[in-house]
Amino acid sequence: MSCLALLIGLSAVAASLVGLLPGDGASRTVTSIRGEGVTLHGRGLYRYDTVFIAEGSRGTDAVTVVLGVPLLVVATLLAYRRGSRRAGLLAGALTYFLYVYASRALSNAFNPLFLLYIVVFSASLFGVLLVVIALNRAGLDEGLAGRAPHRGLVWFLTACGLLTAIVWLAPLTDALVTGSPPQLLDTYTTSVTDVLDLGLIVPTLFVAAALVRRRAVLGYVLAATLIVLLVLIAATIVEGTVLQLSARMSFTPEQVVGPIAGFLVLAVIGLVLLVRLLRAVEPDASGV
């Protein structure tokens, strides 16, 4: 597992630093396949992405370097030093990289780092599987259900699932009703983020809530993983929005304050629950 974590960390740092380089060139306007005028970023690694996606990607790159990779390192060390029962934090860190680089490989316009995105995506996927296997072998005791936060976790996971579904379904429903493409689809043929969030994240949140309601150990593992992902994604949304605004993109106050405030509130609540959950897990002597 340590070799995979090293591969993921070094590859993600390299990809993120390249993505943060300003590069030469300037933004330019092109016509999308739907006949709409769309502004491309025009410089750096994300020159063929729209300004919205490029600046959002650069925001994610910054969070990956400042928070994602350090968390991966700390979580890997904790998993070894304090036992595989604390590996829920590592599962969350790996899930973040899985989510981000699935988006990079499937959503961003093709660029020279495409193969590196596949490497991080694949390594993160198998890393998550290895951690889950290790947690299963560790045999988390059923007493965890009595020590861990219960009702608060159920409500939190359910609320996150509902809010995420509403946020993404609203524009998609409007697009279907009006017969127009979703806002900010621009030059892209589909929205991979909607697929990942509605097809994977939302159902997993509801499954985790149901399992925690039954006090199943797997539910607490999923909860820890999802909370780590939520906190890091909240950071990418904030940083991405700041960069998009600095690039003179126009948003309504509601579009800026709503998502940022909402995700920050959820992140703070999630962190409190995560700390209580990790404290409820007694470390053992086994490693990952």
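Caption draft 1: Just the packing of helix 6 (residues 151-178) against helix 7 (residues 192-213), in detail. Closest axis-to-axis distance for the helix 6/helix 7 pair is 8 Å, and the angle between their directions is 160 degrees. Taken as axis vectors, helix 6 and helix 7 run roughly antiparallel relative to one another. As helix 6 packs across helix 7, the resulting crossing turns out to be left-handed. Of the residues in helix 7, those touching helix 6 at L153, V154, L157, T158, C160, G161, L162, T164, A165, W168, L169 and L172 are T193, D194, D197, L198, V202, L205, F206, A208, A209, V212 and R213. Among the residues making up the contact of helix 6 with helix 7, the classes are represented as 16 nonpolar, 4 polar and 3 charged.

Caption draft 2: Looking closely at helix 9 (residues 253-280). Across its 28 residues, helix 9 extends 40 Å between first and last C-alpha, which sits within 8% of the 40 Å expected from 1.5 Å per residue. Of all the positions in helix 9, only V256, I260, L266, A267, G270, L273, L274, L277, L278 and A280 are classed as buried.

Caption draft 3: Expanded view of the side chain of D197. Tracing the chain through its elements places D197 in helix 7. Buried and without a salt bridge, D197 has R104 as its closest oppositely charged side chain, separated by 13 Å. Within the local environment of D197, its side chain forms a polar contact with the side chain of W168, the two groups lying 2.6 Å apart. Residue contacts for D197: discarding those within four places in its chain leaves Y99, T164, W168, V202 and P203.

Caption draft 4: Structural view of the pairing of strand 1 (residues 28-31). Pairing of strand 1 with strand 2 (residues 37-40), which is carried by 4 bridges, proceeds in the antiparallel orientation. Residue V30 lies in a different strand from strand 2, and its bridge partner there is V38. The turn joining strand 1 and strand 2, which pair antiparallel and follow one another in sequence, is formed by 5 residues; a positive phi near 80 degrees is taken by G35.

Caption draft 5: Representation of the pattern of salt bridges in the model. The full count for this structure, using the stated rule, is 2 salt bridges. Across the pair R58 and E55 runs a salt bridge whose closest N-O atoms are separated by 3.0 Å. Of this pair, R58 and E55 both sit in helix 2 (residues 51-81), separated by 3 residues, roughly a single helical turn. The exposure class of E55 is buried, given its relative accessible area of 4%. Between R104 and D61 there is a salt bridge; the shortest N-O distance is 3.1 Å. Of the two residues, R104 sits in helix 3 (residues 88-106) while D61 sits in helix 2, which places them 43 residues apart along the sequence.

Caption draft 6: Looking closely at the nonpolar core. Counting 63 residues, the largest nonpolar core has F97 and L157 as its most contacted members. Only helix 1 (2-20), helix 2, helix 3, helix 4 (114-138), helix 6, helix 7, helix 8 (217-246) and helix 9 provide two or more residues apiece to this core. If you tally residues by element for this core, the top one is helix 3, at 12 residues.

Caption draft 7: Structural view of the environment of Y99. Its place among the elements puts Y99 in helix 3. Y99 gets classed as buried once you look at its relative accessible area, which sits at 15%. Between the C-alpha atoms of Y99 and I233, which are 134 residues apart in sequence, the distance is 9.5 Å. Leaving out residues up to four positions away in the same chain, Y99 has contacts with T193, L196, D197, I201, L229 and I233.

Reading the values: rules and limits
- Residues numbered from 1 in each chain as written.
- Predicted model: local features only at pLDDT ≥ 70, side-chain atom pairs only at ≥ 80, totals over all residues.
- Heavy atoms only, no water.
- Axes fitted to C-alpha atoms, helices over the stretch in contact; angles between N-to-C directions.
- Helix = DSSP H or I, 4+ residues; strand = E, 2+ residues; numbered from the N terminus.
- Parallel < 35°, antiparallel > 145°, perpendicular 65-115°, else oblique.
- Left-handed = near helix turned anticlockwise from the far one by under 90°.
- Contact = heavy atoms within 4.5 Å.
- Nonpolar A, V, L, I, M, F, W, Y, C, P; charged D, E, K, R; others polar.
- Expected span 1.5 Å × (residues − 1).
- Buried < 20%, exposed > 50% of the residue type's maximum accessible area, 1.4 Å probe, protein only.
- Lys, Arg positive; Asp, Glu negative; His and termini not counted.
- Salt bridge = Lys/Arg side-chain N within 4 Å of Asp/Glu carboxyl O.
- Polar contact = N/O pair within 3.5 Å; in protein donor to acceptor, adjacent residues only side chain to side chain.
- Pairing = 2+ DSSP bridges.
- Core = buried A, V, L, I, M, F, W, Y, C linked by side-chain atoms within 4.5 Å.

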